[in-house]
Amino acid sequence: MQHEAVETAQDLLARLVAFDTTSHRSNMPLISFVRDYLADHGVESQLIATPDGEKANLFATLGSMADAVPDADGRVGIGLSGHTDVVPVTGQAWDTDPFTLTEKDGKLYGRGTCDMKGFIACALAAVPALKARTLKTPVHLLLSYDEEVGCTGVRPMIEQFGSTLPTPQMVIVGEPTTMEVVDGHKGATRLRVEVTGRAAHSSMAHLGANAVMAAARMIAEAHACHRACVEGPQYDRFTPPHPTVQVNLVEGGFAQNVVPVTSVFAVDIRVLPGRDTVGEVRARLQRFADEVILPELRAVAPEANVSIEETNSIPPFLAGEASQATTMALKLAGTNDISAVSYGTEAGLFQEGGAPSIVCGPGDIAQAHTANEFLVKDELGKCMAFMDRLGDQVAA
């Protein structure tokens, strides 16, 4: 039976990989496939679509909501969550077609096999067995879009928790952890800093206010923020064991003989649970702009400005010592060990939305986003065993 379940999961994974759901594309063909698959098994789906209809989240429930007993906070059911989008293959040298599942030496190659269509395939493969049981606790399937561009897609679905959608008692986010239980991860916030000066001919530099050079000094201050994190309190559950502040994108200027009027750079801040690193960094950059950069720029160009805006934020995640989600995931994974990771997931958003969360799924994060991305086939077996234990837990 286990062998048949793994083969079913692999067949479903092949179908999922064949859909090019790179984040800039529509995920609707994949969502339609999943909706039809669930309908064939008597499961209805609710879609939460974008206004243009090009993308959608999917929420489906196995088991009777009418007979389910909510917890003290009115939450019902266990959620299995996965994002449907994948990162681009552009510029990567693949040995196989990234959108055709290829098995070789016990590895399943294809874009998204690891991150994270393998988990979705296992969740779908578990549907017939779950449907064959009488479930005392419903199981929800939650599929999202645009996780890879800042966890933006799942937010409209979470906003409907407690109104048009039930709030799950817990959500298992199936990101690649090699089926280890992850109860914490860093958050990620991105700032956009724009410096505006005044243009001038470069031979008459005194008439201009150089936005690029001012931005460079702001970037140096961002680096000082990073050094303060490196030298500050450490939290050895994470690698690296401290917050990080990085400038990974800079733009400015359009000609070598023109003093640039604008420069823009992006700041990536990876934060630990329980620390307001973003607030500290933003305040320090604003103070540096107000006290150092702007007085110099405005001495020449009164219109000069420095704007700092938050463009996206993924909250840090920590399940907490008393989390029922952690206890459940440890039982389902058959382990007593928990760990933390430095990459972000949707778990923090689910938790903020009222659904306690945990991260556990097949695959190694080291393979995510790479050329020749693969999932070790044995990981499908581990995940299907996880699903079997889930069935035992939720059955009447």
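Shown above is the structure to which this text applies.
The structure displayed is predicted, hence computed values, not measured ones.

## Some details on the overall build of the chain
A tally of regular secondary structure across the chain gives ten helices and 18 strands. Since a compact globule built from 396 residues should have a radius of gyration of about 21 Å, the 24 Å found for the chain is in line with a globular shape. Summarising its shape, the C-alpha atoms of the chain cover approximately 80 × 45 × 40 Å along the three principal directions. Counting only residues that meet the buried cut, the chain has 51% of its 396 residues in that class. Here the contacts in the chain between residues at least 6 apart in sequence split such that 80% fall between residues at least 24 apart. For the chain, the accessible area works out to roughly 17100 Å², and carbon and sulfur atoms hold 51% of it. Separation between the mean location of the 30 positive side-chain charges and that of the 49 negative ones in the chain comes to 3 Å.

## Thoughts on the packing of aromatic side chains
The final tally for this structure, using the stated rule, is five aromatic pairs. With a centroid separation of 5.9 Å and 40° between ring planes, the pair formed by F19 and F33 is classed as tilted. Of this pair, F19 sits in the loop between α1 (2-18) and α2 (28-40) while F33 sits in helix α2, placing them 14 residues apart in sequence. For the pair F19 and F33, one class covers both residues: buried. When the ring of Y235 is compared with that of F238, the centres are 5.2 Å apart and the planes differ by 70°; the resulting orientation is edge-to-face. Judged by its relative accessible area of 2%, F238 is buried. Through a chain of ring-to-ring contacts, the aromatic side chains of F59, F161 and F350 assemble into a single cluster.

## Section: the sheet that holds strand β4 (residues 102-104)
Across the sheet, which stays open at both edges, the three strands sit in the order β4-β5-β18 with antiparallel pairing between neighbours. Looking at which strands have only one partner, the edges of the open sheet turn out to be β4 and β18 (374-376). The sheet shows a mean angle of 25° between the axes of neighbouring strands, direction not considered. Where strand β5 (residues 107-109) lies against β18, three bridges are found, and the strand directions are antiparallel. Note on β18: the bridge partner recorded for K107 is V376. Its contacts with the sheet put helix α10 (residues 377-394) on β4, β5 and β18, and the angle it makes with β18 is roughly 60°.

## Quick look at the nonpolar core
Formed by 78 residues in total, the largest nonpolar core has its most connected members in L38 and M387. Looking at this core, the element that brings in the most residues is helix α3 (residues 113-125), giving eight residues. When neighbours within four sequence positions are excluded, M387 is seen to be in contact with L80, F119, C122, A123 and A126. Core analysis: the second largest hydrophobic core is formed by 28 residues, C225, V271, I293 and A301 among them.

Calculation rules
Think of each chain on its own: its residues are numbered from 1, step by step along the sequence as written. Totals for whole chains, interfaces and linings use all residues, but because this is a predicted model, local features are given only for residues with pLDDT of at least 70 and pairs of side-chain atoms are given and counted only at 80 or more. Computation of side-chain values covers all heavy atoms of the structure but excludes hydrogens and water. In DSSP terms, a helix is any run of H or I states spanning at least four residues, a strand is any run of E spanning at least two, and both are numbered starting from the N terminus. Throughout, the radius of gyration refers to the C-alpha atoms, and the reference size of a globule is 2.2 Å times the residue count to the power 0.38. The buried label goes to any residue with under 20% of its type's maximum accessible area, the exposed label to any with over 50%, and the partly exposed label to all in between, with areas taken from a 1.4 Å probe on protein chains only. Contacts between residues were defined by any pair of non-hydrogen atoms, one from each residue, lying within 4.5 Å. Residue-level accessible areas treat just the shown protein chains as cover; the underlying method is Shrake-Rupley with a 1.4 Å probe. Charge assignment in this entry is limited to Lys and Arg as positive and Asp and Glu as negative, and neither His nor the chain termini are counted. Note on charges: their place is set at NZ of Lys, CZ of Arg, CG of Asp or CD of Glu. To pair, rings of Phe, Tyr and Trp, with the six-membered ring standing in for Trp, must have centres within 6.5 Å; the planes then decide the type, stacked if under 30 degrees apart, edge-to-face if over 60, and tilted in the middle. Two strands pair under a simple rule: DSSP has to find at least two bridges between them. In this analysis an axis means a line fitted to C-alpha atoms, helices contributing only their contacting stretch, and an angle means the value between N-to-C directions, from 0 to 180 degrees. Residue types Ala, Val, Leu, Ile, Met, Phe, Trp, Tyr and Cys, when buried and joined through side-chain atoms within 4.5 Å, form a set referred to as a nonpolar core.

What is shown is where atoms sit, not what they do.
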